[in-house]
Amino acid sequence: GVSKGDQVVLWAPSAPAWVAAFFAVARLGAVAVPIDMRSSPDFVERVVGQTDPKIALLAPATRGQWKFPAPVALMDDLAALTEGTPTADLSSVQPGDILELMFTSGTTGNPKGVILTHANLMSNVMAIDQLVPNYPQYKVLSILPLSHSLEQTIGLLVPLKRGASIYYLGNFQPATLLRALQEQGVTTTLLVPQALQLI
């Protein structure tokens, strides 16, 4: 039932299902509203209060915190939800169409929705693609939240443009991270100082 211009909340951890949902929203011409898993109930309430989500795609961990009228589907159930269903009516998506509303942290006031169009994201991808080294066997370990533009651009869209594989961690424990680096043959990961301190 999602169509062009509808807003879809994505409140789940970074994983292949999150990526599939994001691209489904993009292909429908709908508007993604990504929310960080670590967001406080107050932050989520303020974001939902500024949007009108048609549906919320959640994780089991966030399902119990959803107190809003929009219907819910669990990211873990997306594969089962799509079995045997007809293809949605796909409208024409233009570069200037809104792809997502990404909200600021709200640390200095109410969160503010930043409008990003399809052209905005592609412009970022093309610019960053010239700066990030390309490896023959490009394999990315995605650690940062896909609800943030840094990870979306450099940890998802640029690697996919290059045909790279992306591996998602189930949890961010140093032992899990080091094992993934070795077992997956990772060449690249995007980190912030806080993540490095945990390692």
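Refer to the structure above for everything that follows.
Values in this document were obtained by computation on a predicted structure and should not be read as measured data.

Student: Where do I start with the pairing of strand 3 (residues 53–58) in this structure?
Tutor: The two faces of a sheet get side chains in turn, since along a regular strand they alternate between them. Of the strand pairs in this sheet, strand 1 (residues 7–11) and strand 3 are connected by five bridges, and their pairing is parallel. Residue V8 lies in a different strand from strand 3, and its bridge partner there is I55. Of the strand pairs in this sheet, strand 3 and strand 4 (residues 72–74) are connected by three bridges, and their pairing is parallel. Looking at the pairing, A56 lines up with V72 of strand 4.

Student: Hey, could you run me through the packing of aromatic side chains in this one?
Tutor: Each aromatic ring pair is characterised by the separation of its centres together with the angle its planes make. Under the definition given, this model contains three aromatic pairs. Here W18 and F22 contribute two aromatic rings whose centre-to-centre distance is 5.4 Å and whose plane-to-plane angle is 15°, an arrangement assigned as stacked. Of this pair, W18 and F22 both sit in helix 1 (residues 16–28), four residues apart, which is roughly one turn of the helix. We classify W18 as buried; its relative accessible area is 1%. The rings of W18, F22 and F23 are connected pair by pair, giving a single aromatic cluster.

Student: For this particular structure, what's the right way to read the nonpolar core?
Tutor: If you look at soluble globular proteins, the nonpolar side chains tend to sit buried side by side. In terms of nonpolar packing, the biggest core is built from 27 residues, with L10, W18, F22, L57 and M75 touching the most fellow members. Those elements giving two or more residues to this core turn out to be strand 1, helix 1, strand 5 (98–103), helix 5 (118–129) and helix 6 (149–161). For this core, the element with the highest residue contribution is helix 1, accounting for seven residues. Once residues lying within four places of it in the same chain are set aside, the contact partners of L10 are W18, A21, F22, A32, V33, P34, I35, L57 and M75. Residues F43, V44, L58 and W66 belong to the second largest nonpolar core, which totals 15 residues.

Student: I keep staring at the side chain of D129 and nothing clicks. Help me out?
Tutor: Looking at the element boundaries, D129 is found in helix 5. For D129, a relative accessible area of 19% puts it in the buried group. Excluding residues within four positions of it along the chain, D129 makes contact with V158, K161 and R162.

About the thresholds
- Residues numbered from 1 in each chain as written.
- Predicted model: local features only at pLDDT ≥ 70, side-chain atom pairs only at ≥ 80, totals over all residues.
- Heavy atoms only, no water.
- Pairing = 2+ DSSP bridges.
- Helix = DSSP H or I, 4+ residues; strand = E, 2+ residues; numbered from the N terminus.
- Phe/Tyr/Trp six-rings, centres within 6.5 Å; stacked < 30°, edge-to-face > 60°.
- Buried < 20%, exposed > 50% of the residue type's maximum accessible area, 1.4 Å probe, protein only.
- Core = buried A, V, L, I, M, F, W, Y, C linked by side-chain atoms within 4.5 Å.
- Contact = heavy atoms within 4.5 Å.

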